Amino acid sequence: MAVTIEDLYRSYGVLADAKDNLSQHKDAYQVILDGVKGGPKEKRLAAQFIPKFFSSFPELADSAINAQLDLCEDEDVSIRRQAIKELPRFATGENILRVADILTQLLQTDDTAEFNQVTGSLIAIFKIDAKGTLGGLFSQILQGEDIVRERAIKFLSSKLKTLPEEVMTKEMEDYVFAETKKVLEDVTGEEFVLLMRVVSGLRVLQTVNGRQQLVELVVEQAFLEQALNPTDPDTVDRLLQCTRQALPLFSKNVHSTRFVTYFCEHVLPNLSSLTSPVAELDIQLEVLKLLAEMSPFCGDMDKLEPNLNMLFTKLLEFMPLPPEEVGNGENSASEEPKLQFSYVECLLFGFHQLGKKLPDFLLEKVDAERLKDFKIRLQYFARGLQVYIRQLRVALQGKSGDALKTDENKIKVVALKITNNINVLIKVRVFSGFTLLVMQSFCSHHDTHTHTHTQHPPKRPSVSPQPRRDARQIYNPPSGKFSATIGNFTYEQRGGFRGGRGRGFGGRGNRSRGRIY
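Please read all numbers here as calculations on a predicted model, not as lab measurements.

Draft legend 1. Fine view of the nonpolar core. Residues Y29, I50, F126 and L160 are the most contacted members of the largest nonpolar core, which totals 147 residues. In terms of residue count, helix α19 (residues 368-396) provides more of this core than any other element does, ten residues in total. In this structure, I50 is in contact with Y29, I32, L33, V36, A64, A67, Q68 and F90, ignoring residues within four places of it in sequence.

Take a look at the structure:
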């Protein structure tokens, strides 16, 4: 005979009045458990009554949890939400891991209100037992269905940082780091980015030693001990993603040497044959930008001269020779050579940073003929640069406010910053023995008035003190030949590494399962 609303209220009354003698009324609690087999009204009441008296009947614990889980899977979303809302009340003692595991699986719902309820319940049990909750989440990340794994990782990425210190203690953060390292043995590119966001936010890793551990984690994923296959988009993708994750971690104490060395020895020699993992990405420029951003934090390098020579060679490739003149003084070429300003800025900056470690490179390590060739290219490039700077200044003269916010003028403003920066790099850095410090483009502390807006050469800038680490901005040269489509390209949002999972972004199989709780 089906349980009715009256039966449920009667049993509730018996248990509520029993006070200290609850355990003697097992039959009344069983009636409430049977309410999950009734209609919608009975189920809603059962969802509220079952957890209220759960702790008083340990011998019926399994039956009670299973009854509540039946309601969590009901066809009526309102019943499911009510049942999920009450789940944290079951999270006591040895049940915490099971409840966390269940809630993690329930993250796969596509109903927004239900998903928010699951998230709220997970946060609630975090405050009851953080380690047990983390155990349930990581259990599903390691063994659950792909959709559950994805949602669980995103939950950790977005919610872990919001928990107070009394919940996320040092012990809990150490546990998260240890479990995350296990997960990183088998991830996609998107998962890698999210998990790095999780561990990068841990307070326990905000020390020099902590950041070094994070860099080691990225190095392991980047496969820097292997040669680069430039035609494989997955391999290129892996390197770009890993480098981007490592960049914010570098400092004067946490060096980028292994990455810079790898780029010089394996990436630059294959620059023209790199296959982009994303169609709209200028892969050559992206690589040069990354190298420029890393170069200030490079430590002692074993093969400094060969690597500096590789940078110098690439710099020459992007700085064309002037066209030959025919008898009447006109250029023999039908078109002027293209000047690729963004590429040159990146290469000049990286060349300067490594060149500071070998100040006599141009004078003693480059033969006279090659140095003469370099000066000819540099002078031609500098003349074209001056012409373009004047054109940009004329185009932007008198414009301010909204007029500078148009797409066309935004590109021109960026272009002027690049060209001014290259102008200083050419005039000061290359021929001064790599000794002066000039602020990089796009830094908030960059003095834009250093570069005068007249046609005269800019004055020699004064030496600026090196900013402290907490005030520094990562070097971020703009993209393309001042292309609006690449300048603000957010690479990690383009999706994960192609393919599935395996050892570090390989082929993880689909572990599809039914209900296991």
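Here the narrative resumes.
Draft legend 2. How the structure looks around helix α4 (residues 61-72). Between the first and last C-alpha of α4 there are 16 Å, a value that for twelve residues agrees with the 16 Å anticipated at 1.5 Å per step. Those residues of α4 hidden inside the fold are in contact with α2 (26-34), α3 (40-52), α5 (77-86), α6 (96-106) and α7 (112-126).

Draft legend 3. Local environment of helix α11 (residues 189-200). For α11, spanning twelve residues, the distance from its first C-alpha to its last is 16 Å, which sits close to the expected 16 Å at 1.5 Å a residue. For α11, the buried fraction is high: nine of the twelve residues fall into the buried class. For α11, the complete set of buried residues consists of G189, E191, F192, V193, L194, L195, M196, V198 and V199. In this fold, the buried residues of α11 make contact with α9 (146-159), α10 (170-183), α12 (208-222) and α13 (233-246).

Draft legend 4. Up close: the packing of aromatic side chains. Taken as a whole, this structure holds 15 aromatic pairs when the rule is applied. Here F312 and F351 contribute two aromatic rings whose centre-to-centre distance is 5.6 Å and whose plane-to-plane angle is 25 degrees, an arrangement assigned as stacked. With F312 in helix α16 (residues 304-317) and F351 in helix α17 (residues 341-355), this residue pair connects regions lying 39 residues apart in the sequence. Judged by its relative accessible area of 1%, F351 falls in the buried class. Seen in terms of ring centroids, F312 and F374 are 4.9 Å apart; in terms of plane orientation they differ by 70 degrees. Their pairing is edge-to-face. You can see F312 sitting in helix α16 and its partner F374 sitting in helix α19, a full 62 residues away along the chain. Just as F312 is buried, F374 falls in that class too. Taken together, the ring pairs in this structure connect Y9, Y12, F49 and F53 into an aromatic cluster.

Calculation rules
Residues numbered from 1 in each chain as written. Predicted model: local features only at pLDDT ≥ 70, side-chain atom pairs only at ≥ 80, totals over all residues. Heavy atoms only, no water. Core = buried A, V, L, I, M, F, W, Y, C linked by side-chain atoms within 4.5 Å. Buried < 20%, exposed > 50% of the residue type's maximum accessible area, 1.4 Å probe, protein only. Helix = DSSP H or I, 4+ residues; strand = E, 2+ residues; numbered from the N terminus. Contact = heavy atoms within 4.5 Å. Expected span 1.5 Å × (residues − 1). Phe/Tyr/Trp six-rings, centres within 6.5 Å; stacked < 30°, edge-to-face > 60°.

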